[in-house]
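Descriptive structure summary
If you want the building blocks of each chain, they are given just below.
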Amino acid sequence: MAEPIFILGGHQTDFGRNYAREDLTIFDLVKDGVEGTLAAAAIDPKEIEVAHVGNFVGELFTGQGMLGGFLGHVHPDLAGVPASRHEGACASGSLAALAAMADLEAGRYDCALVLGVEFMRNVSGQTAGDHLGAAVWVGEEATEATYVWPAMFSDLAEEYHARHGLKHDHLKEIAKINFGNAQRNPNAQTRKWTLTDEHFAEDDELNPVVEGWMRRQDCSQITDGAAGVVLASERKARAYADARGIPLESLARIRGWGHTTAPMLMDTKLAASKGSDYILPWTRKAIADAYARAGIADVAQIDAVETHDCFTINEYVAIEHFGITAPGEAWKAVEDGRIAPGGSIPVNASGGLMGVGHPVGATGVRMLLDAMRQTTGAAGDYQVDGAKTVATFNVGGSGTTNCSFVVGSGA
C-alpha cells in the first residue's frame, strides 16, 4: 500500500425494500445511501472532497445515467464536488472504491465518499436477467440460455466437476449457511424468509432447476440497494480520531487490495486455466495481490471472509482461491464446518449475496462496509468473535473483473 487508507464509517440501505413498489426512484436510493453514510460516519457533507459512484446498469433498468449529478441534489454542500461513475458489472462498487483510494493516495484529496447503488426490482425477473446479461460477450456466449447467469455459472460448475468432481450436497450446504447467516442481519433481503431443508433439496417444486447445476437456492437475489463508505487519508483520519478522542488504531483500514481483469469469454478463461492449480487464476491473483500488499503470508492470518456468492459454485471456488483449502478440496471446508458461524474462518457471516441481497453496483461497497463492521466489532448479531482482519472478493461477469480487499483494525 502506497499510503494508508482508513474507513471512517458507512451505511447500507435495507436490502429488503422494493423502491418501485413504494413509488420511489433511483434518486431516492442514492439519497438514502448518501445521507445514511454521512450520518453513520459523522461526517459533514462539506468535508467530502471527492465522490466515486459504482453502478452497472442504471440506464437499462431506469433509463438514468449521470448518477454523480444527483449528489448536489442530496445536499447543497455536495454541489461542485468532483464525482465519477464506475462500471465493472457486479464489481462496479469495488472499482469505485479503488478509484477513491487512488485519489487519496495521490494526495489530491483527503476525504472521499464511495457509493454503490443499483435499482433493479422495477422489472420482471426475466427482464432483469436480460439486462444483467450485458456483462457477457453479447451474441458470443450463453446465446441459447433462458437465464444467462445461472447458465454461465452452471458451466463453471460443470468444468469444475470434470476436473475435480463436485457434489450438489456441498453447494446446498453453502446456501444453507448463507441464508441462515442472513437471519441475523437486520438489513438482509431474506432475513424474514422461512426456508426448510426441503427448500435446499433437489425438489423440483420448492427448489426447481434454473439452469443446469443451479437450482433456485443456488442463486443470489434481485435487489434494490445502496451502500456507502467514507474513505480518508491518514492525515484526515488522524484529525477525525483526535476530534472524537479515540485512538487512530480503532478505525478500520484498507491494508491491501488486488484487481485483475480477465478476458470476457468464459470459454477463454477456462481454456487458459488448463493445467493451472486454480480454475480461475485471475481470481487467485487478485486475492494473492491483496494478501501481499497487506503483508499477509496466507489465509491463516485472516479471521473472516466476505465473498461473492452470486451462485453457490462461485463461493465454492472462492474457498480454494482464498487458500482456505487446496485446489479441488473445497468440500473439506464445507464438511468440517470451518466456513460456518463459529468455524475457524467464517465465510459470509453477513449472509452474502444470497442472503443479504445483490444490488450489483453496491455489492463491493457493501462487502467493504461489512469488513469494516467486523474488524471494529460493530457487526451486531452476525459479529465474528475477535475478528481483526477480513478479506473480501468481489467479481464482475464470469470471473472477468476481480477485486479483493484486506481490511483490518488495530496497530
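Residues numbered from 1 in each chain as written. Predicted model: local features only at pLDDT ≥ 70, side-chain atom pairs only at ≥ 80, totals over all residues. Heavy atoms only, no water.

**Quick notes on the nonpolar core**
Quick note on the threshold: Here the nonpolar core consists of buried residues drawn from Ala, Val, Leu, Ile, Met, Phe, Trp, Tyr and Cys, with membership extended through side-chain atoms lying within 4.5 Å. Partly exposed residues are those whose accessible area sits between 20% and 50% of the maximum for their type, while under 20% is buried and over 50% is exposed, using a 1.4 Å probe and protein chains only. Counting from the N terminus, the helices are the DSSP runs of H or I reaching at least four residues and the strands are the DSSP runs of E reaching at least two. Two residues form a contact once any of their heavy atoms are found within 4.5 Å.
One finds Leu156, Tyr291, Ile302, Ile313, Tyr316 and Phe322 to be the most contacted residues of the largest nonpolar core, which totals 58 residues. Elements with a minimum of two residues in this core: α5 (125-132), α6 (148-164), α7 (168-182), α9 (266-272), α10 (281-294), α11 (312-321), α12 (330-335) and β10 (389-396). At seven residues, α6 tops the list of elements feeding residues into this core. Once residues lying within four places of it in the same chain are set aside, the contact partners of Ile302 are Tyr291, Ile296, Ile345, Thr389, Val390, Ala391 and Val406.

**Considerations on the packing of α6 against α11**
Under the convention used in this document: Note on definitions: angles span 0 to 180 degrees between N-to-C directions of axes, and those axes are lines fitted to C-alpha atoms, for helices only across the stretch in contact. In this scheme, roughly parallel covers angles under 35 degrees and roughly antiparallel covers those over 145, while 65 to 115 is roughly perpendicular and the rest are oblique. Residues are sorted three ways: Asp, Glu, Lys and Arg are charged, Ala, Val, Leu, Ile, Met, Phe, Trp, Tyr, Cys and Pro are nonpolar, and all the rest, Gly among them, are polar.
Where α6 contacts α11, the axes come no closer than 9 Å and their chain directions differ by 45°. When the interaxial angle is binned, α6 and α11 end up oblique. For the pair formed by α6 and α11, the contact residues are Phe153, Leu156, Ala157 and Tyr160 on the first element and Ile313, Asn314, Tyr316, Val317 and Glu320 on the second. Counted by class, the contact of α6 with α11 contains seven nonpolar, one polar and one charged residues.

**Some details on unusual backbone geometry**
Residues other than glycine seldom take positive phi values, yet Met66 does so here, at roughly 55°. With phi around 55°, Ala89 is a residue other than glycine that occupies positive phi space. Here Ala89 lies in the loop between β3 (83-86) and α4 (92-105).

**Looking at the sheet that holds strand β2 (residues 50-54)**
What counts, and what does not: In this description, strands pair whenever DSSP reports at least two bridges between them.
If you trace the nine strands from one edge of the open sheet to the other, you get β3-β2-β4-β7-β1-β8-β11-β10-β9, paired in mixed fashion. Looking at the sheet topology across the chains shown, the edges are occupied by β3 and β9 (304-307). On average, each strand axis in the sheet is inclined to that of its neighbour by 25°, with strand direction left out of account. Relative to strand β11 (residues 401-408), β10 runs antiparallel, the two sharing eight bridges. Directly across from Val390, in β11, lies its bridge partner Val407. Each of β1 (5-12), β2, β3, β4 (111-118), β7 (225-232), β8 (252-261), β10 and β11 is contacted by α4, which is oriented at about 160° to β2, the strand it contacts most.

**Notes on the packing of aromatic side chains**
The following threshold applies: Under the pairing criterion, centres of Phe, Tyr and Trp rings, with the six-membered ring standing for Trp, must be within 6.5 Å; the plane angle then separates stacked pairs below 30 degrees from edge-to-face pairs above 60, leaving the rest tilted. Two thresholds decide whether a charge sits over a ring: the Lys NZ or Arg CZ must be within 6 Å of the ring centre and within 35 degrees of the ring normal.
By the definition in use, this model includes six aromatic pairs. Judged by centre distance (5.3 Å) and plane angle (85°), the rings of Tyr160 and Tyr316 are edge-to-face. Of this pair, Tyr160 sits in helix α6 while Tyr316 is found in helix α11, placing the two residues 156 residues apart along the sequence. Comparing Tyr160 with Tyr316, the two get one shared label, buried. Three or more aromatic residues joined by ring pairs form one cluster here, namely Trp149, Phe153 and Phe311. For Arg17, the ring lying beneath its charged end belongs to Tyr19, and the centroid distance is 4.4 Å.

**Some details on the pairing of β7**
Counting buried positions along β7 yields eight of eight residues, so the element is predominantly enclosed. Of the two faces of β7, the one lined by Gly225, Ala227, Val229 and Leu231 and the one lined by Ala226, Gly228, Val230 and Ala232 are each fully buried. Where β1 lies against β7, six bridges are found, and the strand directions are antiparallel. If you follow His11 over to β7, its bridge partner there is Gly228.

**Overview of the side chain of His86**
Heads up, the condition is: N or O atoms within 3.5 Å of each other form a polar contact, as long as, within protein, one can give a hydrogen and the other can take it, and as long as residues adjacent in sequence are counted only when both atoms are side-chain atoms.
Structurally, His86 is set in strand β3. Judged by its relative accessible area of 17%, His86 falls in the buried class. A polar contact is formed between the side chain of His86 and the side chain of His52, at a distance of 2.8 Å. Contacts of His86, omitting those with residues within four sequence positions, involve His52, Val53, Gly54, Asn55, Ser92, Leu95, Ala96 and Ala99.

**Notes on the environment of Phe119**
Turning to its location among the elements, Phe119 is positioned in the loop between β4 and α5. Assessed through its relative accessible area of 5%, Phe119 is described here as buried. Taking the C-alpha atoms as reference points, Phe119 and Leu8, 111 residues apart in sequence, are found 26 Å from one another. Those residues in contact with Phe119, other than ones at most four positions away along the chain, are Tyr19, Ala20, Leu24, Thr25, Ile26, Leu29, Phe61, Thr62 and Asp224.

**What about the state of the cysteines?**
The following threshold applies: In what follows, a disulfide is any cysteine sulfur pair within 2.5 Å.
Evaluation of the coordinates by the stated rule reveals zero disulfides. Free cysteine Cys90: the closest other cysteine sulfur is in Cys310, separated by 6.5 Å. The class of Cys90 is buried, set by a relative accessible area of 16%.

**Digging into the layout of surface pockets**
Defined as follows: Lining residues are those with an atom within 4 Å of a point, where the points come from a 1 Å grid over the protein atoms alone and group into cavities, where a 1.4 Å probe fits but cannot get out, or pockets, open sets with protein on both sides within 12 Å along at least five of seven lines. Grid points are joined across faces, edges and corners, and a volume is the space filled by probe spheres set on the points.
Approximately 830 Å³ is the volume found for the largest pocket. Around the largest pocket, the lining comprises 38 residues; the ones closest to its centre are Gly125, Cys219, Ser220, Gln221 and Ile222. Looking at the lining of the largest pocket, the elements with two or more residues in it are α5 and α6. At five residues, the largest contribution of residues to the lining of the largest pocket is made by α5. A per-class count over the lining of the largest pocket returns 23 nonpolar, twelve polar and three charged.

**Details of α7**
The cut-off we apply is this: Multiply 1.5 Å by the residue count of a helix minus one, and that product is the helix's expected span.
Counted at 1.5 Å a residue, the expected span for α7 with its 15 residues is 21 Å, and the 21 Å between its end C-alpha atoms agrees. Along α7, the residues that are buried comprise His168, His170, Leu171, Ile174, Ala175, Ile177, Asn178, Phe179, Asn181 and Ala182. Where the residues of α7 are buried, they touch β6 (214-215), α11, α12 and α13 (352-355).

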